[in-house]
Amino acid sequence: MPRQVSGTAVGVERFFQFSLLGLIASGFLSVAGSGYLDAVTVTLTSAGLLLRALLICGIVRLQFSARAVNLATFAYALFFAADYFLLSREFLAATVHLLFFLAVMKILTASTNRDYLYASVIAFLELLAGAILSANFNFFLFLALYLLFAIAALTSGEVRRSILAAALTVRRPRSEEHTSE
């Protein structure tokens, strides 16, 4: 019986991870479908999402140190200024590039419930950017996909939470009451 519960927990965890990845991907596709993104952003974000899918499947094993993530974030903060003043020369484009950098970094390094919440918020911001930038019908398709993945992530996250809570619950054996006469 414990093996079945463990297998169930692994299946729920994997489903939750793929639901969260689908949430990020549908937000990304809503912006990419608008034609607003440049080829570099589309390529790098797609590569990051594909890498996360491979990590979830267990095909690739990769662990990022906190120091490497902090250095990459600091480097991108410098790049954001360069992007705003030299490359894009507009605030919205530079901010959208920053959003996709954050999405890839968070989806690749997420390991705690707080990280998963941040990834969900970033996915919502991607969808919001898609709503602002897109006037095409395909946005509604990506919105429907986003809602489907949001429901899957919320429900599997709740099941995941209850499985983890049940695993942490320690049950005492019932002690027999002593009756004194």
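In what follows, the structure referred to is the one given above.
Residues numbered from 1 in each chain as written. Predicted model: local features only at pLDDT ≥ 70, side-chain atom pairs only at ≥ 80, totals over all residues. Heavy atoms only, no water.

Q: For this particular structure, what's the right way to read unusual backbone geometry?
A: Glycine aside, the phi torsion of most residues is negative, and most peptide linkages are trans. The phi dihedral of R89 falls on the positive side, at around 60°, and the residue is not glycine. Structurally, R89 is set in the loop between α3 (66–87) and α4 (91–109). Since its relative accessible area comes to 62%, R89 is described here as exposed. (Helix = DSSP H or I, 4+ residues; strand = E, 2+ residues; numbered from the N terminus. Buried < 20%, exposed > 50% of the residue type's maximum accessible area, 1.4 Å probe, protein only.)

Q: Explanation requested: the side chain of T41 in the structure shown.
A: Mapped onto the fold, T41 is located in helix α2 (residues 39–57). Within the structure, the side chain of T41 is placed 2.6 Å from the side chain of D38, a separation counted as a polar contact. Residues within four places of T41 in sequence aside, it is in contact with H97 and F100. (Polar contact = N/O pair within 3.5 Å; in protein donor to acceptor, adjacent residues only side chain to side chain. Contact = heavy atoms within 4.5 Å.)

Q: Help me understand the nonpolar core in this model?
A: Generally speaking, a soluble globular protein has its nonpolar side chains buried in company with each other. Counting residues in hydrophobic clusters, the biggest one holds 30 residues, and the most contacted among them are I24, V31 and I107. Elements with a minimum of two residues in this core: α1 (2–32), α2, α4, α5 (113–133) and α6 (138–168). (Core = buried A, V, L, I, M, F, W, Y, C linked by side-chain atoms within 4.5 Å.)

Q: How do you make sense of the pattern of salt bridges when you look at a structure like this?
A: Side chains that carry opposite charge are capable of pairing whenever their charged atoms lie near each other. Inspection of the entire model under this criterion finds three salt bridges. E13 serves as the salt-bridge partner of R160, at 2.5 Å between the closest nitrogen and oxygen. Linking R160 in helix α6 with E13 in helix α1, this pair joins segments that are 147 residues apart in sequence. Here R160 falls in the buried class, since its relative accessible area comes to 11%. (Salt bridge = Lys/Arg side-chain N within 4 Å of Asp/Glu carboxyl O.)

Q: So what exactly am I meant to see when it comes to the packing of aromatic side chains here?
A: Geometry of an aromatic ring pair is reported as the spacing of the ring centres plus the angle between the planes. A complete count under the given rule lists eight aromatic pairs for this structure. When the centroid spacing of 4.8 Å and the interplanar angle of 65° are considered together, the rings of Y84 and F85 count as edge-to-face. Looking at F85, the relative accessible area reads 59%, which means it is exposed. Centre to centre, the rings of F139 and F140 are 5.9 Å apart; their planes meet at 70°, and the pair counts as edge-to-face. Among the aromatic residues, those joined into a cluster by ring pairs are Y76, F79 and F101. (Phe/Tyr/Trp six-rings, centres within 6.5 Å; stacked < 30°, edge-to-face > 60°.)

Q: Can you help me understand α3 in this one?
A: Because each turn of an α-helix spans 3.6 residues, side chains separated by three or four positions end up pointing in the same direction. Considered for burial, the residues of α3 that qualify are V69, Y76 and D83. Across the axial projection of α3, the buried residues extend over an arc of 30°, all falling on one side. Away from its buried face, by an angle of more than 90 degrees, α3 presents the exposed residues R67, N70, L71, F74, L78, F85 and L86. On its buried face, α3 sits against α4. With its phi angle positive at about 60°, R89 sits one or two positions after the end of α3. (Arc of directions from axis to C-beta.)

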